[in-house]
Amino acid sequence: MFESIKGKKVLITGASSGIGAETAKLFASYGAHVGIHYNRNEENAIKLQKDIEDTGGSADVLAGDLLEESTRSDLIQSFIDAFGSIDVLINNAGGVIGNMPFLELDEMSWRDTMALNATAPFFLSRDAFLFMKDNGGGRIINISSISAKYGGSMNTMHYGAAKAALETLTKGFAKAGAPHNILVNCIRGGVIDTPLHSRIERNSPAMEKRISLIPLKRMGKPVDIARLALFLASEAGDFITGEVFTVAGGD
Ligand SMILES: NC(=O)c1ccc[n+]([C@@H]2O[C@H](COP(=O)([O-])OP(=O)(O)OC[C@H]3O[C@@H](n4cnc5c(N)ncnc54)[C@H](OP(=O)(O)O)[C@@H]3O)[C@@H](O)[C@H]2O)c1
């Protein structure tokens, strides 16, 4: 199982931390050539590259702020220039910009949250699609959030809306990709234990209450998401496209 991952060229956005970093490690351990994209955390990205190489894997790093139009338009080509092609794109970079009550939300936070979680995946997917359709196909995997299901919290309504847009893009790209063997799916993560949740937030009574509402009564681990991404990118996912899979402990 997962033998088809060997030699695949895989770009993972936001791989300097949390879910993206774990996904990079897992794909590399199955023989993929991994593109570790990062924005600010160069140190972590380079350490991850080294860890992967030390265990016999292959990885390279690529930088870029996905709030910048130039990054959104250049990243896929930069990856192809460095790796020779692209087989799998994992749109993982994301997060909440402007964690504040919706009654106080400013337009900039709305725009940036949309840019990071929906606009960037759209333009990266489009560029990957253009390449993949002339190269026998490929896989695109989008990382959404349970907030798309619940409408986010009172502080993250804009984030939930951006992730809902990402889920809709999954359906659209899956339809466009099917005739070209480009399979597009989405993983909707529940509450996952990563640096996205600050240490203070992680130990807060609000978080305790949130976890108590999860049927499995715990936060997920980054690898819980990474394993499904590996499954979808491999031969196990050969007949799966246009789906949104929830990995959220029953939430
Ligand atoms: N943790 C959760 O509970 C949870 C649940 C559901 C879905 N998700 C989703 O899972 C994905 C990964 O989240 P995570 O929990 O692993 O978060 P994380 O540990 O905070 O990692 C976020 C990653 O996104 C990158 N990033 C942030 N802003 C960026 C920007 N402007 N341009 C380019 N890259 C940027 C970061 O890069 P640098 O650090 O290098 O700046 C980092 O690599 C996100 O899409 C998130 O919405 C998370």
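Residues numbered from 1 in each chain as written. Predicted model: local features only at pLDDT ≥ 70, side-chain atom pairs only at ≥ 80, totals over all residues. Heavy atoms only, no water.

Undergrad: Would you mind going over helix α3 (residues 69-83) with me for this structure?
TA: Since the α-helix advances by 3.6 residues per turn, residues separated by three or four positions end up pointing in the same direction. In this model α3 runs 22 Å from its N-terminal to its C-terminal C-alpha over 15 residues, within 8% of the 21 Å that 1.5 Å per residue would give. Where α3 bends most, at L75, the angle is about 40°. Residues of α3 that are buried: T71, R72, L75, I76, F79, I80 and F83. The secondary structure elements touched by the buried residues of α3 are β1 (9-12), β2 (33-38), β3 (58-63), β4 (88-91) and α4 (107-132). Where α3 ends, the next residue or the one after it, G84, has phi of about 95°, a positive value. (Helix = DSSP H or I, 4+ residues; strand = E, 2+ residues; numbered from the N terminus. Expected span 1.5 Å × (residues − 1). Bend = angle between axes of the 7 residues up to and from the residue. Buried < 20%, exposed > 50% of the residue type's maximum accessible area, 1.4 Å probe, protein only. Contact = heavy atoms within 4.5 Å.)

Undergrad: Honestly, the nonpolar core in this entry has me stumped. Any pointers?
TA: Proteins that are soluble and globular tend to have nonpolar side chains buried together. Ranked by internal contacts, the top residues of the largest apolar core, which has 34 residues, are A24, F27, V34, I36, I90, I141 and I187. For this core, the secondary-structure elements that each account for two or more residues are β1, α1 (18-29), β2, α2 (42-54), β4, β5 (138-145) and α9 (222-233). Looking at which element gives the most residues to this core, the answer is α9, with 7 residues. The contacts of I141, once residues within four sequence positions are left out, are L89, I90, N91, N185, I187, A229, L232 and A233. (Core = buried A, V, L, I, M, F, W, Y, C linked by side-chain atoms within 4.5 Å.)

Undergrad: Just checking my understanding: could you explain the environment of L216 for this structure?
TA: When you line up the elements, L216 lands in the loop between α8 (205-212) and α9. Along the primary structure L216 and M100 are separated by 116 residues, whereas in three dimensions their C-alpha atoms are 28 Å apart.

Undergrad: When you look at helix α6 (residues 157-177) in this model, what are you seeing that I'm missing?
TA: Given a rise of 1.5 Å per residue, 21 residues ought to cover 30 Å, and the 30 Å separating the end C-alpha atoms of α6 matches this to within 8%. Within the span of α6, buried status applies to H158, Y159, G160, A162, K163, L166, E167, T170, F173, A174 and G177. Buried residues in α6 make contact with α4, β5, α5 (147-150), β6 (182-189) and β7 (244-247).

Undergrad: I tried to follow a nonpolar patch on the surface on my own but got confused; where do I start?
TA: Taken together, the side chains of F102, L103, M154 and M157 define a hydrophobic patch exposed on the protein surface, amounting to about 440 Å² of accessible area. With respect to the helices and strands, the residue M154 is situated in the loop between α5 and α6. (Patch = residues over 30% accessible without salt bridge, like charges linked within 9 Å, V, L, I, M, F, W, Y side chains within 5 Å. Areas by Shrake-Rupley, 256 points an atom, 1.4 Å probe, with all protein chains shown as cover. Salt bridge = Lys/Arg side-chain N within 4 Å of Asp/Glu carboxyl O.)

Undergrad: Looking at this model, I keep getting lost on the site of the ligand. Mind explaining?
TA: Near the ligand you find 33 residues, and of these S16, S17, N92, Y159 and T194 are the closest. L66 is positioned such that a nitrogen or oxygen atom in its backbone is 2.8 Å from a nitrogen atom of the ligand. Between the ligand and H197, the relevant distance is 2.7 Å, taken from an oxygen atom to a side-chain nitrogen or oxygen of the residue. Secondary structure elements with two or more residues in the shell around the ligand: α1, β2, β5 and α6. For the shell around the ligand, the element with the most residues is β5, which contributes 3 residues. (Near = heavy atom within 4 Å. Polar contact = N/O pair within 3.5 Å; in protein donor to acceptor, adjacent residues only side chain to side chain.)

Without other data, these values stay purely geometric and don't point to any function.
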